[in-house]
Each structure stands twice: as structure tokens, then as C-alpha cells.
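Working through the structure, step by step
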Amino acid sequence: MELDSRTDRSFARTRGRAALAAGVLGLLLAVGGCGASGDSSGSNEKAADSKYAPSGERAGAGADADGAASSAEDRADGKPSGAKAAPKPGAAATHVIRTATLSVEVKSVPKAVAAARGVAEGAGGLVATENTERLDDTYETSHLVLRVPQDRFQEVLRELAGSGKLLSRTSNAKDVTDQVVDVDSRIATQRASVARVRELMDRAEKISDVVALEGELSSRQSDLESLLAQQSSLKDRTSLATITLDLTPPDAPDDEGRDEDAGFLDALGGGWGAFVTMLRWVAVAFGAALPFLLTGAVALLVWRALRRRGAARTAAPAGTPEKEGTPAP
């Protein structure tokens, strides 16, 4: 009995140890499976990353390349790499030619001229033309052509119109945007054409080819210069507005007023002028009729001479003496 109890105890201990070993082994297997599954999932994630990484890397590379290019351009332009480039003016910018004409009555024309010059120069413009005419010892008028920047056009107009009594005002605006764009495009095309002709001249070997290319280059350069002149004119007229200003004093005499206020000397001068004019017309008429008068006088003299001669011939037979022995009647 005692032996059986010992055998049972050793069998129980052995079974417990086997169960413990099996539990430890199962725990180790579980831990190994978790590690394997973790490695598998990690490898799967790496594979997925490697699958989609190229597009991301290309995008990143493109962005880096663009950033590097923009940084290089900024450094070349002398701008910091982090600064944003200034926006370029749009091709659809409006180009307008503005003109205006003012007629203003002022108390003192010289003072008004000086004020108008100051207004134009203060706005950043200039006086293009000034013409002052003195009517007499008291009155004078002035004609001014002012060029002012487009953005100060309305302001200058208001100041000039308020310098005296406004008699008339006209304003005009002409949109030449299409013309400016067309000229700019033609200039770019013509410059490229000139460059191509020069390149051909550098590669030409025959004298005949060089001569022909020189003529073509001269023609194209002439066209380019003409286009550049048009561009300069358009730029000047669209950047500076033109204002024509006429300044007159109040009650300025005109031709009618001078006729109404004519005095004795003026009347005497007018009468003498009319008398001299009449003498001139009489002389002209006499000169025109003189050939006819001379012809008529000569014809009259010839006619009278012939008439006298005929009368003499008629009177001669009547006065002849009678012969002797002829019976009296």
C-alpha cells in the first residue's frame, strides 16, 4: 500500500511537471507566433510602403526640384529665397488715350498761366506748348498744351476749370489696348525674325547669299524700328494725358468791337484805302480797254481820211471852167 501511494505521488509529480512543461512550451509558441505575426505585418507594411513610395518620392523630388529652381531664380534676381515673386502685369491691362479741351475766362492771364504751369508740374507733368498773344496794351490771351499723368488727369482738370469762369469743356477717352497688344506682339515676332536672319548670315558662305541676307536684314530692321516708334508713341500717349487750355480775359475786344469803336483816324484810313482801291480798279479797267480804244481811234482816223479824199474828188469836176465858144445856157 505504501508503495502504491509513493508510485501515485511520483506519477502525479511527473504529470504536473509535464503539464508545466507543456504550458511553458505553449507560452513560448504563443510568444513566437506573435513575434512572427508582428514581423509579417511589419514586412507587409514595408512592402506597401515600397509599393507606393516611388510616386511619393517622385512628387517630393519634383517639389524639391521646383523649390530649388525657384530658389536659384530668386538668388539670380537678387531676391531672398523665401520671398514671393512680384505678380507680373496682366496682358489684359487697359491702355487709354485721354484728351481734354478747356476754355477759361480769367482776370489776369499771366497769373493764370503761371498757376496752370504750377498745377501741371506739381502733378508730375509738363507744359508742352505755350502761345501768348497780346491783343492791345491791356488784353492778352494764352493757349497752353499740358501733359499730365493719367492718374492725375481728373484732378488737374478740376483745378484748371476752377481757376476762373469756365466757358467750355470737352473730354475724350480712346481705348487702344488692342493696338498696344498687337504692336507688342509684332515687335516680338520681328525681333525673332531679325535674329534668324543674322544667324543665317553668320553661317552663309557665298557672297551672293550674304548680299541677299543683308538686304533682307535691312528691310526687317526698318520694319522693327517703325514698330518701336509706334510703341513709343503709344506709350507716351497712354502714360500722359493731353489737356489743351485757352485763357482769355473778361471783355476782351474782338474784330466787331474794334469796328464799332472806330474813330476819325480809323475812318480816314479806311476812306483813303477805299480811294486807292478805286484808283487801282480804274487803272486796271483803263489798261484793259486801252487796246480797244487805240484800235477804234485808228479806224476813225482812217475813215475820216478816206471820206475827205472822196469829197475832194466829187468837188473837182463841179468846179472845172467852161470852154470858149460854148453857148451860154
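Residues numbered from 1 in each chain as written. Predicted model: local features only at pLDDT ≥ 70, side-chain atom pairs only at ≥ 80, totals over all residues. Heavy atoms only, no water.

Some points on the sheet that holds strand β2 (residues 126-134)
Sheet strands pair via backbone hydrogen bonds, and the direction of the pair is either parallel or antiparallel. Taken together, the 5 strands give an open sheet; going across it, the order is β2-β3-β5-β1-β4, and neighbouring strands pair in mixed fashion. Looking at the sheet topology across the chains shown, the edges are occupied by β2 and β4 (165-175). If you compare each strand with its neighbour and ignore which way they point, the axes differ by 10 degrees on average. Relative to strand β5 (residues 240-248), strand β3 (residues 140-149) runs antiparallel, the two being bridged by 8 bridges. Along β5, the bridge assignment pairs leucine 144 with leucine 245. (Pairing = 2+ DSSP bridges. Helix = DSSP H or I, 4+ residues; strand = E, 2+ residues; numbered from the N terminus. Axes fitted to C-alpha atoms, helices over the stretch in contact; angles between N-to-C directions.)

Section: the nonpolar core
Core analysis: the largest hydrophobic core is formed by 22 residues, its most contacted members being Leu160, Ile243, Leu245 and Leu247. Mapped by element, the contributors of at least two residues to this core are β1 (96-105), α2 (109-122), β3, α3 (153-161) and β5. With 6 residues, α2 is the single largest residue contributor to this core. Setting aside its immediate chain neighbours within four residues, leucine 160 contacts Leu102, Val104, Ala116, Leu146, Ile243 and Leu245. (Core = buried A, V, L, I, M, F, W, Y, C linked by side-chain atoms within 4.5 Å. Buried < 20%, exposed > 50% of the residue type's maximum accessible area, 1.4 Å probe, protein only. Contact = heavy atoms within 4.5 Å.)

Some words on the packing of helix α4 (residues 177-203) against helix α5 (residues 207-239)
Each pair of packed helices gets described by two things: the angle between the helix axes and the distance between those axes. Two numbers describe how α4 lies on α5: the axes approach to 9 Å, and their chain directions differ by 155 degrees. One way to sum up the angle between α4 and α5 is to call them roughly antiparallel. For α4 against α5, the interelement crossing comes out left-handed. Partitioning the contact of α4 with α5 into residue classes produces 13 nonpolar, 6 polar and 8 charged. (Parallel < 35°, antiparallel > 145°, perpendicular 65-115°, else oblique. Left-handed = near helix turned anticlockwise from the far one by under 90°. Nonpolar A, V, L, I, M, F, W, Y, C, P; charged D, E, K, R; others polar.)

A look at the pairing of β3
Where burial is concerned, most of β3 is hidden: 9 out of the 10 residues are buried. The pairing of β2 with β3 spans 8 bridges and is classified as antiparallel. Among the inter-strand pairings, valine 127 is bridged to a residue of β3, identified as leucine 146. Linking β2 back to β3 in an antiparallel pair, the connection comprises 5 residues.

Concerning the confidence of the model for the chain
For the chain, mean pLDDT is 74; residues scoring 70 or higher make up 64% of the total. Low pLDDT, under 50, characterises residues 255-259; the stretch is placed with 1 contact to residues that sit more than four places away or in other chains. This stretch, residues 322-326, has a pLDDT under 50; its non-local contacts, to residues over four places away or in other chains, come to 0 contacts. (pLDDT = per-residue confidence, 0-100.)

A look at the environment of lysine 107
Inspection of the secondary structure puts lysine 107 in the loop between β1 and α2. A C-alpha to C-alpha distance of 9.7 Å links lysine 107 and serine 163, two positions 56 residues apart in sequence.

Points about a nonpolar patch on the surface
Residues Trp272, Phe275, Met278, Leu279 and Val282 make up a contiguous nonpolar surface patch of roughly 520 Å² in combined accessible area. The topology assignment puts methionine 278 in helix α7 (residues 264-318). Using a relative accessible area of 44% as the deciding quantity, one classes methionine 278 as partly exposed. (Patch = residues over 30% accessible without salt bridge, like charges linked within 9 Å, V, L, I, M, F, W, Y side chains within 5 Å. Areas by Shrake-Rupley, 256 points an atom, 1.4 Å probe, with all protein chains shown as cover. Salt bridge = Lys/Arg side-chain N within 4 Å of Asp/Glu carboxyl O.)

Here we look at the pattern of salt bridges
Using the criterion set out here, one finds 6 salt bridges in the structure. For glutamate 140, the salt bridge identified is with arginine 134, shortest N-O distance 3.1 Å. A relative accessible area of 13% places glutamate 140 in the buried class. Residues glutamate 216 and arginine 220 are paired through a salt bridge, measuring 2.8 Å at the closest nitrogen-oxygen approach.

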